[in-house]
Amino acid sequence: MLARLVIGLPDRDLRVLDVGCGVGRHVAAMAHLRPASKITGIERCDAMRAHCCAQFPNHRFLADIGRLGGAETFDLMLLMGNGLGVLGGTQQTVQQGLQGLLAHLSDDGVLVIESTDHPYFGVMRVQIAHDGLTDAYDWAYASADWIRDNIPRQWTLASSRSRMPGPPGSFH
């Protein structure tokens, strides 16, 4: 999916934000697809963030969105794996987190949110383990309908089956 998306983006070095980057799977893909891009990962788990710092020393990794610079903008934002829990553990905190993300999206930027097949918003406690790294956190998830209903009306939501990317400000 990322390869298809990146092909349609402007042919320049991208400023990429990977929200809930985990161990860096999408960071690695973006670094391969657009090597000169500046990638910032947001990851709450200290061990996973440290792993990313070691694996991708040319990129930046932060504990939360609040650590972004106020005027900093991104051409591409990824919220993959339906990791809305990075934005909070309740509908209200996720809604506020989405608003906060949009403040950092460039005028022609694209925000990619992977949704779930569940027909609602929900939160579950998750224990994760990867190569000896473990963490437990609240994982929020939402359907495409919930995301559509909880984003500002000037934005549109398209399915991942749509042609990518859409017009500036589209959600995919």
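See above for the structure.
Right, let's walk through the structure included here. (Residues numbered from 1 in each chain as written. Predicted model: local features only at pLDDT ≥ 70, side-chain atom pairs only at ≥ 80, totals over all residues. Heavy atoms only, no water.)

Take the packing of aromatic side chains next. Tallied over the entire structure, the rule returns one aromatic pair. Between F56 and F61, the aromatic rings sit 6.3 Å apart at their centres with planes inclined by 40 degrees, giving tilted as the arrangement. With respect to class, F56 is no different from F61; both count as buried. (Phe/Tyr/Trp six-rings, centres within 6.5 Å; stacked < 30°, edge-to-face > 60°. Buried < 20%, exposed > 50% of the residue type's maximum accessible area, 1.4 Å probe, protein only.)

This part covers the environment of L9. Mapping L9 onto the fold places it in the loop between α1 (2-7) and β1 (15-19). Separated by 67 residues in sequence, L9 and L76 place their C-alpha atoms 8.8 Å apart. (Helix = DSSP H or I, 4+ residues; strand = E, 2+ residues; numbered from the N terminus.)

Next up on the list: the nonpolar core. Ranked by internal contacts, the top residues of the largest apolar core, which has 24 residues, are L17, L84, L87, V94, L98, L101 and W146. At the level of secondary structure, the elements contributing two or more residues to this core comprise β1, β4 (74-79), α4 (91-102), β5 (105-113), β7 (133-142) and α5 (144-149). Per-element accounting of this core gives the leading share, four residues, to α4. In contact with W146, not counting residues within four places along its chain, are L84, Q91, V94, Q95, L98 and F121. If you look at the next biggest cluster of nonpolar residues, it comprises 18 residues, including V16, C21, C52 and F56. (Core = buried A, V, L, I, M, F, W, Y, C linked by side-chain atoms within 4.5 Å. Contact = heavy atoms within 4.5 Å.)

Turning our eyes to something else, we now look at the side chain of T40. Position of T40 among the secondary structure elements: in strand β2 (residues 38-42). Relative accessible area serves as the criterion here: at 4%, T40 is assigned to the buried category. Separated by 3.0 Å, the side chains of T40 and R60 make a polar contact. In this structure T40 touches V16, L17, D18, R60, L62, L68, E72 and F74, once residues within four positions along its chain are discounted. (Polar contact = N/O pair within 3.5 Å; in protein donor to acceptor, adjacent residues only side chain to side chain.)

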